[in-house]
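Structural features, examined
One letter stands for each residue in the lines below.
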Amino acid sequence: MEEFVARTLTVNAKEGCQTLTVRIFRPMVAQVSWECPWQIEWPDRTRTNSGHGVDSVQAVLHAMQMVGSELYTSEEHRSGHLTWKEGYSGYGFPVPARIRDLLLRDDARFL
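A few points on the structure. Note that the coordinates shown come from a computational prediction; the quantities given were computed from them, not determined experimentally. (Residues numbered from 1 in each chain as written. Predicted model: local features only at pLDDT ≥ 70, side-chain atom pairs only at ≥ 80, totals over all residues. Heavy atoms only, no water.)

1. Focus: the overall build of the protein chain
Helix and strand counts for the protein chain stand at three helices and six strands. Ordered by position from N to C terminus, the α and β elements of the protein chain give β-β-β-β-β-α-α-β-α. Relative to the 2.2 N^0.38 estimate, which gives 13 Å for 111 residues, the radius of gyration of the protein chain is 14 Å and therefore close to what a compact globule would have. For the C-alpha atoms alone, the extent of the protein chain along its principal axes is close to 45 × 30 × 20 Å. The long-range share in the protein chain, meaning contacts at least 24 apart out of those at least 6 apart in sequence, stands at 35%. Summing over all exposed atoms, the protein chain offers an accessible surface of approximately 6600 Å²; the carbon and sulfur share of this is 51%. Within the protein chain, the 14 negative side-chain charges are centred at a point lying 4 Å from the centre of the 12 positive side-chain charges. (Helix = DSSP H or I, 4+ residues; strand = E, 2+ residues; numbered from the N terminus. Rg over C-alpha atoms; globule rule 2.2 N^0.38 Å. Contact = heavy atoms within 4.5 Å. Areas by Shrake-Rupley, 256 points an atom, 1.4 Å probe, with all protein chains shown as cover. Lys, Arg positive; Asp, Glu negative; His and termini not counted. Charge placed at Lys NZ, Arg CZ, Asp CG, Glu CD.)

Now the structure itself:
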C-alpha cells in the first residue's frame, strides 16, 4: 500500500503528550468497487479498515468519514484529551450525517 496522506494529532494524557498518526493510503481498484485503506496509530493500539466506493473519490470520502467517526467516538475524544492543532477545535475529518452532532466548533462550522 502506498501512503496517500497523513495527519498527526496529539493525545494529552496523565502520562504526557503522545502522538496519534492517521494514514490514508492511495485508493485502488478492488474486486467490485474501489477501496481506500486507512490506519490510525493510537499510542496504545492500531486501528485499520478501508472505505469503499463506486470510484476512487467516493472511496477516499468514505475512508475519511470512517476515520472521523473513529476519532469522534473514541474515549480520547470523550475525555477531551485529543487535539489536532493549536487554535482549532476539531480534527479536520468529515463524519457521516448521523453523528454530526459530535463535531467540535471548528469542524462543525467548516465540514
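Having seen the model, we can carry on.
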